[in-house]
Amino acid sequence: MSALGERLREMIASDGPMPVEQFMMLALSHPTLGYYATRDPLGAAGDFTTSPEISQMFGELLGLWAAETWMQMGSPPCVHLVELGPGRGTLMADALRAARVCPPFLDTLQVHLVETSPVLIERQRATLADAGASPEWHADIDTLPPGPAIFLANEFFDALPVRQFVRTEQGWCERLVGLDAEHRLTFGISPAPEPQLATPAPVGAMLEIGAIAYRTTIKIASRIRREGGAALFIDYGHTRSGFGETLQAMSRHRRVDPLAEPGEADLTTHVDFDALKRAARATGAHVAGPITQAQLLKSLGIDQRAGSLKRNASPQQAQDIDAALQRLTSTDPEPGLGERPAPGMGELFKAMAILHPQLEGSPGFPPLHGAQA
Ligand code: SAH
């Protein structure tokens, strides 16, 4: 059992079972023993790989999206470019390089990185050392300075803790992490149902509520509504709210038991884009999408970008570019990391944009329809 696992067992033995949300929060973000506090989890030698780590094309296209969004905003003289959960800083480095096609945008922007992991902050500092950006780091979005802002977030929302509820004969009972007879971590449910939850569902159904993601979206969307700007969220998730468990733990590119080694495996859930869309619209902001990652990258021009990179590439590099293009946009089922095949990244990942109402659409997204708010 991991050091954090031991700590959790002591906490539960003294205070009783804890909600899944608190378990996720501690497993991911405990200041000394949490998963993100202690390592760089990305890449082939880590636990999982993300789109910007697969290919420079991903960050480049998002950089062009940001530059075009800034022009649609009327090219304000000052703009904040904010990335949430920037990992190794690769997406931002690629985005800034691509944005060189629009020098006035680069001249006006201030980069902000919202990150809690000290290990990844150091990694981001090194990656961006020569990007000419002088980024500012923030532990959360509350300390961002006022003014128009463009937000980017890839695989950020999936890392935010969720509450889980299980439908019983009595109602919706919160899922908890407790101890079994051998003192091992185990899932259970609260004895009393949650009186506020009344959604009908068959006994055994699971409901996940991403309250932190919802609140974060409300904050970002209200800020965009008030001060101008836009946000682009990309993550794996679903476009319609529904039932079912999506909590998963990843270690060394394999799925593992989420309770086996807390603090040693990445924990994520699928993002409920339907809920985030409702949150954003409730503030009066407009929303484009969600659409699939494949749709977004294709309409932002990933095929053309791959073509131009291949013109200066060796045969081996050209093969790698094609493989990355295929991986980022594939909609075919892949063998899957767990027991069953999963849809390709192009289909599993969704993209959604939050827009100030003055913006009439968003690059790469279909036109907005009718009244939005
Ligand atoms: N966007 C990157 C990394 C994704 S991993 C990429 O696509 O490669 C998730 C990122 O979110 C990590 O940088 C992690 O440290 C950060 N993170 C997780 N929870 C966070 C929180 N509550 N606040 C800020 N950053 C967080």
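Procedures and definitions
Residues numbered from 1 in each chain as written. Predicted model: local features only at pLDDT ≥ 70, side-chain atom pairs only at ≥ 80, totals over all residues. Heavy atoms only, no water. Helix = DSSP H or I, 4+ residues; strand = E, 2+ residues; numbered from the N terminus. Near = heavy atom within 4 Å. Polar contact = N/O pair within 3.5 Å; in protein donor to acceptor, adjacent residues only side chain to side chain. Areas by Shrake-Rupley, 256 points an atom, 1.4 Å probe, with all protein chains shown as cover. Nonpolar A, V, L, I, M, F, W, Y, C, P; charged D, E, K, R; others polar. Buried < 20%, exposed > 50% of the residue type's maximum accessible area, 1.4 Å probe, protein only. Pairing = 2+ DSSP bridges. Phe/Tyr/Trp six-rings, centres within 6.5 Å; stacked < 30°, edge-to-face > 60°. Axes fitted to C-alpha atoms, helices over the stretch in contact; angles between N-to-C directions. Core = buried A, V, L, I, M, F, W, Y, C linked by side-chain atoms within 4.5 Å.

1. What about unusual backbone geometry?
With an omega of 0°, the peptide bond between Gly289 and Pro290 qualifies as cis. Of note in the backbone geometry, Ser134 takes a positive phi value of approximately 40° without being a glycine. Among the secondary structure elements, Ser134 is positioned in the loop between α8 (118-127) and β4 (136-138). Positive phi values are uncommon outside glycine, yet His253 reaches one of about 65°.

2. Let's talk about the site of the ligand
Inspection of the region around the ligand gives 18 residues, with Thr50, Gly85, Gly87, Glu115 and Asn154 positioned closest. In the environment of the ligand, a nitrogen atom lies 2.7 Å from a nitrogen or oxygen atom belonging to the backbone of Gly85. Taking Glu115, its side chain carries an N or O atom lying 2.5 Å from an oxygen atom of the ligand. For the ligand, the accessible surface in isolation is 570 Å², of which the surrounding protein chains cover 93%. Residue composition of the shell around the ligand, grouped by class: 9 nonpolar, 6 polar and 3 charged.

3. A closer look at the pairing of strand β2 (residues 79-84)
Taken across its 6 residues, β2 has 6 buried, putting it largely inside the fold. Across the two faces of β2 the burial is the same, with Val79, Leu81 and Glu83 and His80, Val82 and Leu84 all buried. Note that β2 and strand β3 (residues 109-114) share 6 bridges and pair parallel. Across the sheet, the residue bridging to Glu83 is Leu113, located in β3.

4. Quick look at the packing of aromatic side chains
By the definition in use, this model includes 6 aromatic pairs. On the numbers, 5.5 Å between centres and 40° between planes, the contact of Trp70 with Phe105 is tilted. You can see Trp70 sitting in helix α5 (residues 56-72) and its partner Phe105 sitting in helix α7 (residues 103-108), a full 35 residues away along the chain. On the numbers, 4.4 Å between centres and 45° between planes, the contact of Phe157 with Phe233 is tilted. Placement of Phe157 in the loop between β5 (149-154) and β6 (163-168) and of Phe233 in strand β10 (residues 229-238) is noted, with a sequence separation of 76 residues between them. Phe233 carries the same exposure label as Phe157, and that label is buried.

5. Topic: the sheet that holds strand β11 (residues 248-251)
Pairing is antiparallel in the open sheet, where 3 strands are placed in the order β12-β11-β13. Among the strands making up the open sheet, the edge pair consists of β12 (254-256) and β13 (266-268). Averaged over all pairs of adjacent strands, the angle between strand axes in this sheet comes to 40°, irrespective of strand direction. Here β11 pairs with β13 via 3 bridges, running antiparallel. If you follow Ala249 over to β13, its bridge partner there is Leu267.

6. A few points about the nonpolar core
Trp65, Phe105, Ile150, Leu232 and Phe365 are the most contacted members of the largest nonpolar core, which totals 50 residues. Of all hydrophobic cores here, the second largest spans 26 residues; its members include Val82, Ala213, Met352 and Ile354.

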